[in-house]
Amino acid sequence: MRIAVLSDTHGLLRPEVMEIVNTCDAVLHGGDINTQRIVDELSKDKPFYIVRGNNDKEWAEQIPVSLRFELDGITFYMVHNKKEIPRNLTGVDVVVFGHSHKYLEERRDGHLFLNPGSCGKRRFNQDITMAVLETGNGEIQVKRIDIPHTDTPVKVPVGTDTRKAVENISRGMKKGENIKDMAKKYGCSPEFTEQVCRIIATHPGVTAEGILNKMEVNRIQNPSCKNPSADIQ
């Protein structure tokens with residue numbers, strides 16, 4: 001079998017992703033799908049397995065939080081957040097999860113752990129990825145798929161202290177300020193401000209440092225930085 005594995009589409013099903021899906025015999029989705037439309041598109045002509053992500057709200061109440069199933073003699077366990085993988089994985093061959101938007105492929109203790117990353121809306125400079133599993137005779141081969149994109153980099157003005165900006169945006173959200181006003185007030189682009197707000201909304205209690213880590217910003221941009229970049233890509 002060829003099995004398409006994707007996660008964190010967040011309402012965006014790219015044509016390049018569907019081209020890969022159409023070559024596969026089954027589809028697995030690790031959650032944060034966000035719309036019934038994508039569920040319908042992915043499940044219309046082949047077996048489809050999905051778990052509910054933290055952003056899948058009322059519309060997704062019938063979607064399970066975790067799922068255990070078998071394909072081509074291989075047992076899968078799927079859950080959105082890696083933290084919710086059970087300790088006892090007896091009989092499980094492949095564990096699929098998502099949430100972090102970062103591709104991970106690891107074989108450990110007789111299990112294949114696979115996070116296909118995100119192939120939906122790009123978050124800052126993270127890659128857009130999915131995976132394809134090829135199975136046969138009890139063997140599993142994994143192919144990482146990098147999806148080409150033309151997403152515009154998120155702009156941060158040179159000299160901006162990004163940690164301070166994130167802290168200000170967080171406070172502004174609590175006060176009910178809108179994205180456009182916060183962007184102008186704190187010297188950030190609307191795109192940067194919107195993505196910070198999205199992380200705060202989906203990860204309650206996250207710190208400024210945690211937000212920067214999720215953005216994969218390697219350097220705080222401020223006047224004391226050498227050659228600060230104007231883009232987070």
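The following paragraphs examine the structure supplied in this document. Quick caveat: nothing in here was measured; it's all calculated off a predicted structure.

### What about the nonpolar core?
Stage number 1. Counting residues in each nonpolar core, the largest one holds 22 residues, and the members touching the most others are L6, V17, V21 and L42.
Stage number 2. Among the secondary structure elements, those contributing two or more residues to this core are β1 (2–6), α1 (15–21), α2 (36–43), β3 (48–50) and β9 (129–136).
Stage number 3. Non-local contacts of V17, meaning those with residues more than four positions away in its chain, are made with L6, C119, M130 and I147.
Stage number 4. Core analysis: the second largest hydrophobic core is formed by 19 residues, Y49, V51, F69 and L112 among them.

### Some points on the sheet that holds strand β4 (residues 66–71)
Stage number 1. Pairing is mixed across the open sheet formed by five strands, whose spatial order is β4-β5-β6-β8-β7. Each edge of the open sheet is held by one strand with a lone partner, namely β4 and β7 (104–108). Direction aside, neighbouring strands of the sheet carry axes that sit 20 degrees apart on average.
Stage number 2. The sheet contact formed by β4 and strand β5 (residues 74–79) spans six bridges and is antiparallel.

### Focus on the packing of aromatic side chains
Stage number 1. All chains considered together, the criterion is met by two aromatic pairs.
Stage number 2. Relative to F76, the ring of F69 has its centre 5.3 Å away and its plane inclined at 5 degrees; by these criteria the two rings are stacked. For the residue pair F69 and F76, the accessibility class agrees, reading buried in each case.
Stage number 3. Clustering of aromatic rings is evident, with ring pairs tying together Y49, F69 and F76.
Stage number 4. Over the ring of F113 we find R108, and its NZ or CZ is 4.3 Å from the ring centre.

Criteria and thresholds
Residues numbered from 1 in each chain as written. Predicted model: local features only at pLDDT ≥ 70, side-chain atom pairs only at ≥ 80, totals over all residues. Heavy atoms only, no water. Core = buried A, V, L, I, M, F, W, Y, C linked by side-chain atoms within 4.5 Å. Buried < 20%, exposed > 50% of the residue type's maximum accessible area, 1.4 Å probe, protein only. Helix = DSSP H or I, 4+ residues; strand = E, 2+ residues; numbered from the N terminus. Contact = heavy atoms within 4.5 Å. Pairing = 2+ DSSP bridges. Axes fitted to C-alpha atoms, helices over the stretch in contact; angles between N-to-C directions. Phe/Tyr/Trp six-rings, centres within 6.5 Å; stacked < 30°, edge-to-face > 60°. Lys NZ or Arg CZ within 6 Å of the ring centre and 35° of its normal.

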